[in-house]
Amino acid sequence: MTGESRIWGCAVGAAVGDALGMPLEFGPPQPPERLVRDMQSARLPAGTFTDDTEMALALAESLLASCPLDSADLAERFATWYRAGPADVGIHLSDVLRRIARGEAWATAVETVQARKPESAGNGSVMRCWPVALAHRNDLPALLADSRLQSKVTHPHPECVAGSALVNAVIYFLLHNAAPQDAVTQALSTIRDLPPGLLQAVKAAPGLSRSELTNSGWVRHTVESAIWGLLTTYSFEEAVIQVVNLGNDADTAGAVVGALAGAAYGLEAIPQRWRDALRGELSWQPGHTWRAKDLVELASQLAGRAVVGFQAWGETNG
Ligand SMILES: [Mg+2]
């Protein structure tokens, strides 16, 4: 498998996991004998990605405009996304982005909102963090710094900040050909300041059974589910199927495990039926439907790779 394949797999995998989880969001866990294995329609047509990927693409475009990340530019892109009235923005994120959209500086806005509920630690920054791992795929210190910064713009809780750094560190080691277990081990030894609760959850995750996973909107539960999916399966398809069928915050956990498993197994491992069904629209790009090939191109741009490889892939598989 080529390095390009892992880079493309990370981007397409995140969006595929999001779209596959979309119809299962807020639902109960599926019984093991009746796991959903295909894109299904719900509030959106089958194969459509949601806010998780929309925000990741806003982050990606900010990184293409400025790398290292310009936090003010990122905050403005999130505010533009928010002004269009996205369907499924959470309460915390909505409170922060409403203030930024009114012209408040992001640091003031997020500090004010977090001060009202200091324990708030949702998964809204870990769900979108993967573009940073591609943009800094050869610079681990910069990867960690920008992973943390993109979280602080909306989710400053230590577990949100560290969770984003951890997920992207795992992607970093996967992109450098580490096996899944080795990638997690290396990421844990790289990030020394991981909050104890999150560290314990990550270490314990592979030993859990399906019924022990809550998969809520709490960042710790999302990281737990994603690490569990990566380390207890042997293919992209099975990793994502196992995680989205946990229900609850299915699309977000699907996006995170999709980014990880895509980096682990590469683009070719993502079932063609899912790649073909994948679609989405961005409020700030009216009239353009994003498909898998667009995510491949974006991933190439983020990674600073020539687009030649992407075109070769498009001719045979597009
Ligand atoms: Mg979502």
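Quick caveat: nothing in here was measured; it's all calculated off a predicted structure.

Q: Got a minute to help me understand the overall build of the protein in this structure?
A: Of the regular secondary structure elements, the protein holds 16 helices and two strands. Here the C-alpha radius of gyration of the protein, 18 Å, is about what a compact globule of 318 residues would show, namely 20 Å. Projected onto the principal axes, the alpha-carbon positions of the protein cover approximately 45 × 40 × 40 Å. Counting across all 318 residues of the protein, residues that qualify as buried make up 55%. Restricting to contacts in the protein with at least 6 residues of sequence separation, those with at least 24 account for 71%.

Q: So what exactly am I meant to see when it comes to the packing of helix α1 (residues 3-21) against helix α13 (residues 250-265) here?
A: What describes two packed helices is the angle between their axes and the distance between those same axes. Relative to each other, α1 and α13 sit at 155°, their axes nearing to 6 Å. Here α1 is positioned roughly antiparallel relative to α13, judged by the angle of their axes. Like other packed secondary-structure pairs, α1 and α13 cross with a definite hand, here right-handed. On α13, the residues touching Arg6, Gly9, Cys10, Val12, Gly13, Ala14, Val16, Gly17, Asp18, Leu20 and Gly21 of α1 are Ala250, Asp251, Ala253, Gly254, Ala255, Val257, Gly258, Ala259, Ala261, Gly262, Ala263 and Tyr265.

Q: Just checking my understanding: could you explain helix α7 (residues 140-152) for this structure?
A: Each α-helix turn comprises 3.6 residues. Residues three or four places apart therefore point the same way. With 13 residues, α7 should cover 18 Å at 1.5 Å per step; its first-to-last C-alpha distance of 18 Å lies within 8% of that length. Taken together, the buried positions of α7 are Leu143, Leu144, Asp146, Ser147, Arg148, Gln150 and Ser151. Elements that come into contact with the buried residues of α7 comprise α2 (51-65), α3 (71-83), α6 (130-135) and α8 (158-175).

Q: Explain the packing of α1 against α8 to me, please; I cannot follow it from the model alone.
A: Between α1 and α8, the least distance of the axes is 10 Å, while the angle of their chain directions is 150°. Comparing the axis directions of α1 and α8 gives the class roughly antiparallel. On α8, the residues that touch Gly3, Arg6, Ile7 and Cys10 of α1 are Ile171, Leu174 and Leu175. The class makeup of the residues in the contact of α1 with α8 is five nonpolar, one polar and one charged.

Q: What should I look at first to understand the nonpolar core in this one?
A: Nonpolar side chains in soluble globular proteins generally cluster together in the buried interior. Within the largest apolar cluster, 109 residues are counted, with the highest numbers of intra-cluster contacts made by Cys10, Ala11, Leu166, Val170, Ile171, Leu260 and Ala299. At 13 residues, α8 tops the list of elements feeding residues into this core. Apart from the residues lying within four places of it in its own chain, the contact partners of Val170 are Ala183, Val184, Ala187 and Leu260.

Q: How should the environment of Thr233 be read in this particular structure?
A: Take Thr233: it is sitting in the loop between α11 (219-231) and α12 (236-244). Its 20 C-beta neighbours within 10 Å are what place Thr233 among the buried residues. Along the backbone, Thr233 and Leu97 are 136 residues apart, and their C-alpha atoms lie at a distance of 37 Å. Once residues within four sequence positions are removed from consideration, Thr233 is found in contact with Glu238, Ala239 and Gln242.

Q: Hey, could you run me through the environment of Ser216 in this one?
A: With respect to the element layout, Ser216 can be found in the loop between α10 (196-204) and α11. Owing to 18 C-beta atoms within 10 Å, Ser216 belongs among the partly exposed residues under this scheme. A C-alpha to C-alpha distance of 30 Å links Ser216 and Arg102, two positions 114 residues apart in sequence. Among all residues touching Ser216, those that are not within four sequence positions of it are His221, Asn248 and Asp249.

Q: Just checking my understanding: could you explain the environment of Asp18 for this structure?
A: The topology assignment puts Asp18 in helix α1. Distance in space between the C-alpha atoms of Asp18 and Val96 is 23 Å, their sequence separation being 78 residues. When near neighbours in sequence (up to four residues on either side) are disregarded, Asp18 contacts Phe49, Thr50, Asp52, Thr53, Asp251, Gly254, Ala255 and Gly258.

Q: Even after reading the chapter, I still don't get α12, so can you show me in this structure?
A: Among the nine residues that make up α12, seven are buried, leaving the element largely enclosed by the rest of the structure. Within the sequence span of α12, burial applies to Phe236, Ala239, Val240, Ile241, Gln242, Val243 and Val244. In this structure, the buried residues of α12 make contact with α1, α11 and α13.

Q: Is there a simple way to explain unusual backbone geometry in this structure?
A: Glycine aside, residues mostly have negative phi, and peptide bonds are mostly found in the trans state. For the bond from Cys67 to Pro68, the omega torsion is 10°, close enough to zero to count as cis. With respect to the helices and strands, Pro68 occurs in the loop between α2 and α3. One non-glycine residue, Phe26, lies in positive phi territory at about 70°. Counting through the fold element by element, Phe26 comes out in the loop between α1 and α2.

Q: I'm lost on the confidence of the model for the protein in this one. Help?
A: Interpreting fine coordinate detail is not advised for predicted regions of low pLDDT. In the predicted model, the protein carries a mean pLDDT of 94, and 96% of its residues have values of at least 70. Confidence drops under a pLDDT of 50 for residues 306-318, and excluding neighbours within four residues, the segment shows ten contacts in the predicted structure.

Definitions and cut-offs
Residues numbered from 1 in each chain as written. Predicted model: local features only at pLDDT ≥ 70, side-chain atom pairs only at ≥ 80, totals over all residues. Helix = DSSP H or I, 4+ residues; strand = E, 2+ residues; numbered from the N terminus. Rg over C-alpha atoms; globule rule 2.2 N^0.38 Å. Buried ≥ 20, exposed ≤ 12 C-beta atoms within 10 Å, placed from the backbone. Contact = placed C-beta atoms within 7 Å. Axes fitted to C-alpha atoms, helices over the stretch in contact; angles between N-to-C directions. Parallel < 35°, antiparallel > 145°, perpendicular 65-115°, else oblique. Left-handed = near helix turned anticlockwise from the far one by under 90°. Expected span 1.5 Å × (residues − 1). Nonpolar A, V, L, I, M, F, W, Y, C, P; charged D, E, K, R; others polar. Core = buried A, V, L, I, M, F, W, Y, C linked by C-beta atoms within 7 Å. pLDDT = per-residue confidence, 0-100.

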